[in-house]
Amino acid sequence: MAIKVNIRRIFSVTLWCTIGAGVLVLLVAAIGYRNNKTCKGYRIDISGPSDALFIDKKQILDLLTSAGAGKVLNKSTASVR
């Protein structure tokens, strides 16, 4: 019995496996890059009408400082979560 080799099918399977492996490598690299970034600071944006605010930026910064948020600076983002 002769085995008929379908070159088009072998090429298609090889191509899709290569594409899948490439996507997987890029995903792992992106996750590693995101987790190895360091926290350089934090930014507080309060939007909305100014008469509706019940707390201002200084009060929020005081709350963050008292809660130990200053300890996250220059640490990796993976350890902050």
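Treat the numbers as computed from the prediction; the structure is a model and nothing was measured.

**Things to note about the overall build of the protein chain**
- If you tally the helices and strands in the protein chain, you get three helices and zero strands.
- Each helix (α) and strand (β) of the protein chain, taken in turn from the N terminus, gives the series α-α-α.
- When each of the 81 residues of the protein chain is scored for burial, the buried share is 5%.
- In the protein chain, the proportion of contacts linking residues at least 24 apart, taken out of those at least 6 apart, comes to 60%.
- For the protein chain, the exposed surface amounts to about 7500 Å²; the carbon and sulfur share of it is 65%.

**Quick notes on the confidence of the model for the protein chain**
- Averaged over every residue, the pLDDT of the protein chain is 79; residues scoring 70 or more account for 77%.
- Per-element averaging of pLDDT across the protein chain places helix α3 (residues 77-80) at the bottom with 68 and helix α1 (residues 7-35) at the top with 94.

**A word on a nonpolar patch on the surface**
- Taken together, the side chains of Phe 11, Leu 15, Trp 16, Ile 19 and Val 23 make up a nonpolar region of the molecular surface, amounting to roughly 550 Å² of accessible area.
- Position of Leu 15 relative to the elements: it lies in helix α1.
- On the basis of relative accessible area, Leu 15 is assigned to the partly exposed category, the value being 41%.

**Digging into the environment of Arg 34**
- Position of Arg 34 among the secondary structure elements: in helix α1.
- The exposure class of Arg 34 is partly exposed, given its relative accessible area of 44%.
- For Arg 34 and Ser 76, which are 42 residues apart along the polypeptide, the C-alpha to C-alpha distance reads 9.2 Å.

What counts, and where the lines are drawn
- Residues numbered from 1 in each chain as written.
- Predicted model: local features only at pLDDT ≥ 70, side-chain atom pairs only at ≥ 80, totals over all residues.
- Heavy atoms only, no water.
- Helix = DSSP H or I, 4+ residues; strand = E, 2+ residues; numbered from the N terminus.
- Buried < 20%, exposed > 50% of the residue type's maximum accessible area, 1.4 Å probe, protein only.
- Contact = heavy atoms within 4.5 Å.
- Areas by Shrake-Rupley, 256 points an atom, 1.4 Å probe, with all protein chains shown as cover.
- pLDDT = per-residue confidence, 0-100.
- Patch = residues over 30% accessible without salt bridge, like charges linked within 9 Å, V, L, I, M, F, W, Y side chains within 5 Å.
- Salt bridge = Lys/Arg side-chain N within 4 Å of Asp/Glu carboxyl O.

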